[in-house]
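Read off the chains here:
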Amino acid sequence: MSEFAVELRDVVKTFATPEGGKLNAVDHVDMHIRQGEFFSMLGSSGCGKTTSLRMIAGFEWPTEGEVFIDGQPQGRKPPFQRPVNTVFQSYALFQHMTVAQNVAFGLEMDKVDVNEINRRVSEALAMVKLNGMEKRSPRQLSGGQQQRVALARALVKRPKVLLLDEPLGALDLKLRKEMQLELKALQQEVGITFVFVTHDQEEALTMSDRIAVMSRGKVLQIGAPVEIYERPNCKFVADFIGETNILTGQVRSVDGTHLKVYVPDLEAEVSAVAESQFQPGQPVHLSIRPEKIRLAEERSLNENCFAGNVIQSAYIGSDTRVKVKVGKIVLKVWEQNHISTLDPDAYFQQNEQTWATLFPENTLVLPFEEG
Amino acid sequence: MFQRLREDKALQGTLLILPTLAVMVGLLIIPLGLTLIISFGQRTADGGVIYTFTLDNYLRLVGITPGCGFKSECFDPLYANILWRSLTLALQTTALVILLAYPLSYFIARAPLKRRNTFLFMVLVPLWTNFVIRVYAWMMILRTQGVLNGILGWLANLLGLPFVPLEMLYTPSAVLVGMVYEFLPFMILPIYTSLEKIDPALYEAAADLGANAARTFLRVTLPLSMPGIVAGTILVFIPVMGTFIVSDILGGRQVILIGNLIQRQFLDARDPTFGSAASLILMVMTLIVTYFYTRKFGFGEEIVAV
């Protein structure tokens, strides 16, 4: 058994555009998905995540590069010869078959013995809590139940890798949250590698062992949810995952991982940390998450402390979401409501003077990007 | 009065259905009743009807000569053969039309969206020409000095083979070709509609679960397109059973179908009683076949419902 369940090595997929041009939907992508991992591909529509998944499934073949499944190059193998199964966004259930027939379909194609089929079908349906629904038509099921049939139908074949193409997209929010946890638990139970495609960053963070953030056919960053959120490697990832404040400036001095960056909009130097190498004089971005900025009535002794003015304040229960004008910049700040009180003074009010502290260890230096 | 019309839904329904009901009763139910009555009558020498009750017309249709008794030399299979030929030809036509229409519909349904309308348009264009003219066109193609023999002769000449023009017109095959041609669009459209509705993800799902192209077709595509085949079969089989123009023009005196028989009884032979009996037998035959067919496969209603 290979260390990796799925590998994409320098994979390119080129499509012809309607205008007669060519577009790299997937542009030199490298991905190494470990055995037993819950791996998500995250990005907005058109980022290449679904095309990448379809190349693993065999619905598309790479223009360049190679897809490996369990160490084996897949070349131009059709889907029915690959040890993977897919859960489709639309579920793609066979409406002319019952639930049990749907789940049995893949086993029948493999010419599994009838008794074995019956045993495994009821096992799979029990796993997704659909026992007793065998004889129903998919039409008679709710969206969530159809989702489970699709899952059972794919898992019953015991694939090396299960591919999931935005499977929760059609469900309402509450059901989606439930299914996220259930899917994660199921993955841990069966121990099969899951490759999950989604545009929902919260969903990816909740479920994944590792996430690949994609944009315009390229993989920008691969890492555990905490790495992606706390140490994004570029402005796009910082901006796409959660919310953040982006400042633009120029490196003044470098001391190991500690940098001083001059930010013209603040007319001040900001201390920050960097994961990669930067040179003095280089233009850079700074990223700091709204929940990591501290607001106080008094100036703190910390180095990155700036006077500001609250221009907007919204109480949303757990937090108060505040917009603070500092210099020429408006910072998003989320203050947790630690104390239960009805006293309006306990919450930030519009036009209130305040001091905003951007702790240097929470302020990340990122490479400069146009636009 | 108007107040009541606005509020009374049942009255609205009755009024809406009234025109159709009048047409159905006046032009279908009453004539059908008359046909039934006439079919039990006796003809007069000048083509009139004596209203009586005799089964002679029906007996003649199944081959029993009235007044001759049930002896074997009295059995005349002429009309029974016509009934049998009509039924088998209609079944052959329907089967051939399915076989031809299915691949074409499949091709159109899987073509890019922009081209589909062009293809469907091409399927429908011949229908803009008169039915009879289209059948005559086949006469031009199939006759001994016709287009097809011309092409075959030219090819034979090119290869240096001897060639005797084929006698194709006025054969059952010519009628079959004409029928298939005439009724093809009525099979293509419903099959296309049912194929076009199949989510392409289902083909991918089947492949993903281990089915190759043939098994995907048999287990997924074909069952899901059955409503289209059923609807098309009903649209083709029923008119083919009764048609007389195609067999008249392409079959001549050689291929007489029940449609021709009925037409001739009313116009040439001036025997409306026998013609009425033949009409009713045709209707009953068609109903029986359609009944058993739809009991097994349904009416293709899903094609309308979804």
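Predicted, not measured: the structure shown is a model, and the values here were computed from it. (Residues numbered from 1 in each chain as written. Chains lettered and ligands numbered in written order. Predicted model: local features only at pLDDT ≥ 70, side-chain atom pairs only at ≥ 80, totals over all residues. Heavy atoms only, no water.)

**A look at the pairing of strand 3 (residues 38-42) of chain A**
All names here are of chain A. The buried fraction of strand 3 amounts to five of the five residues, a majority that puts the element mostly inside the structure. With five bridges connecting them, strand 3 and strand 8 (residues 193-198) associate as parallel partners. For Phe 39, the partnering residue across the bridge sits in strand 8 and is Val 195. Relative to strand 9 (residues 210-215), strand 3 is paired through four bridges, and the arrangement is parallel. Each bridged residue has a counterpart across the sheet, and for Phe 39 the counterpart in strand 9 is Arg 210. (Buried < 20%, exposed > 50% of the residue type's maximum accessible area, 1.4 Å probe, protein only. Helix = DSSP H or I, 4+ residues; strand = E, 2+ residues; numbered from the N terminus. Pairing = 2+ DSSP bridges.)

**Side note on the pattern of salt bridges**
All names here are of chain A. Under the criterion given, the structure shown has 34 salt bridges over all chains. Residue Asp 27 pairs with Lys 218 through a salt bridge whose shortest N-O separation is 3.1 Å. Of this pair, Asp 27 sits in strand 2 (residues 22-34) while Lys 218 sits in strand 10 (residues 218-223), placing them 191 residues apart in sequence. When salt bridges with common partners are traced through the structure, they connect Glu 116, Arg 119, Arg 120, Glu 123 and Arg 158 into a single cluster. (Salt bridge = Lys/Arg side-chain N within 4 Å of Asp/Glu carboxyl O.)

**Some details on the side chain of Thr 286 of chain B**
Residues and elements named next belong to chain B. Tracing the chain through its elements places Thr 286 in helix 13 (residues 272-297). Overall, the relative accessible area of 9% leaves Thr 286 in the buried class. Discounting chain neighbours no more than four positions away, the residues touching Thr 286 are Phe 237, Ile 238 and Met 241. (Contact = heavy atoms within 4.5 Å.)

**Some details on the layout of surface pockets**
Residue and element names in this part refer to chain A. Of the pockets and cavities examined, the second largest pocket occupies roughly 370 Å³. In this structure, the second largest pocket is lined by 16 residues; those nearest its centre are Glu 335, Asp 345, Ala 346, Tyr 347 and Phe 348. Looking at the lining of the second largest pocket, the elements with two or more residues in it are strand 15 (293-296), strand 18 (329-336) and strand 19 (353-358). The class makeup of the residues in the lining of the second largest pocket is six nonpolar, six polar and four charged. (1 Å grid on protein atoms, 1.4 Å probe; cavity = no way out; pocket = protein on both sides within 12 Å on 5 of 7 lines; lining within 4 Å. Points joined across faces, edges and corners; volume = space filled by probe spheres on them. Nonpolar A, V, L, I, M, F, W, Y, C, P; charged D, E, K, R; others polar.)

**Notes on the domain arrangement of chain B**
Residue and element names in this part refer to chain B. Each domain of chain B was delimited in the assignment, giving domain 1 (1-39) and domain 2 (79-305). The gap between the C-alpha centroids of domain 1 and domain 2 is 34 Å. The interface of domain 1 with domain 2 comprises five residues on the first partner and seven residues on the second. Taken together, the two surfaces of domain 1 and domain 2 that pack against each other cover about 450 Å², and 83% of this comes from carbon and sulfur. In terms of surface lost to domain 2, no three residues of domain 1 exceed Thr 35, Ile 38 and Ser 39, which account for 73% of the buried area on that side. For the side of domain 1 that touches domain 2, the class distribution of residues is three nonpolar, two polar and no charged. (Domains from an automatic or database assignment. Buried area = accessible area lost by both parts, 1.4 Å probe.)

**Side note on the interface of chain A and chain B**
Contacts between the two partners involve 21 residues from chain A and, on the opposite side, 17 residues from chain B. Both sides of the chain A and chain B interface together cover about 1800 Å² of buried area, and 61% of this is carbon and sulfur. Summed over the three residues of chain A that lose the most area to chain B, namely Phe 80, His 96 and Met 109 of chain A, the buried surface amounts to 31% of that side. Where chain A touches chain B, the interface holds two salt bridges. Two residues, Arg 219 of chain B and Glu 108 of chain A, come together in a salt bridge whose shortest N-O distance is 2.8 Å. At the boundary of chain A with chain B, the tally comes to nine residue pairs in polar contact (both at pLDDT 80 or more). At the level of elements, strand 6 (84-87) and helix 2 (99-109) of chain A are the ones that each hand at least two residues to the side of chain A that touches chain B. Partitioning the side of chain A that touches chain B into residue classes produces 11 nonpolar, five polar and five charged. (Polar contact = N/O pair within 3.5 Å; in protein donor to acceptor, adjacent residues only side chain to side chain.)

**Side note on the sheet that holds strand 13 (residues 268-274) of chain A**
All names here are of chain A. Pairing in this closed barrel of five strands is mixed, and the strands run 11-12-13-20-14 around the ring. On average, each strand axis in the sheet is tilted by 55° relative to the strand beside it, whichever way the strands run. In the sheet, strand 12 (residues 258-263) pairs with strand 13 via six bridges, with the strands oriented antiparallel. Across the sheet, residue His 258 finds its bridge partner in strand 13, namely Val 273. (Axes fitted to C-alpha atoms, helices over the stretch in contact; angles between N-to-C directions.)

**Let's talk about the packing of helix 2 (residues 9-39) of chain B against helix 13 of chain B**
Residue and element names in this part refer to chain B. Following both chains from N to C, one finds helix 2 and helix 13 inclined at 120°, their axes separated by 7 Å at the closest point. Viewed along their axes, helix 2 and helix 13 adopt a mutual orientation that is oblique. Note that helix 2 runs across helix 13; the crossing there is left-handed. Within the contact between the two elements, helix 2 uses Leu 32, Thr 35, Leu 36, Ile 38 and Ser 39 and helix 13 uses Pro 272, Thr 273, Ser 276, Ala 277, Ser 279, Leu 280 and Met 283. Among the residues making up the contact of helix 2 with helix 13, the classes are represented as seven nonpolar, five polar and no charged. (Parallel < 35°, antiparallel > 145°, perpendicular 65-115°, else oblique. Left-handed = near helix turned anticlockwise from the far one by under 90°.)

**A short note on the environment of Leu 358 of chain A**
Residues and elements named next belong to chain A. Among the secondary structure elements, Leu 358 is positioned in strand 19. The sequence separation of Leu 358 and Asp 343 amounts to 15 residues, and the corresponding C-alpha distance is 27 Å. Dropping the residues within four chain positions of it, Leu 358 is found in contact with Leu 247, Ile 288, Ile 293, Asn 304, Phe 306, Leu 331 and Thr 363.

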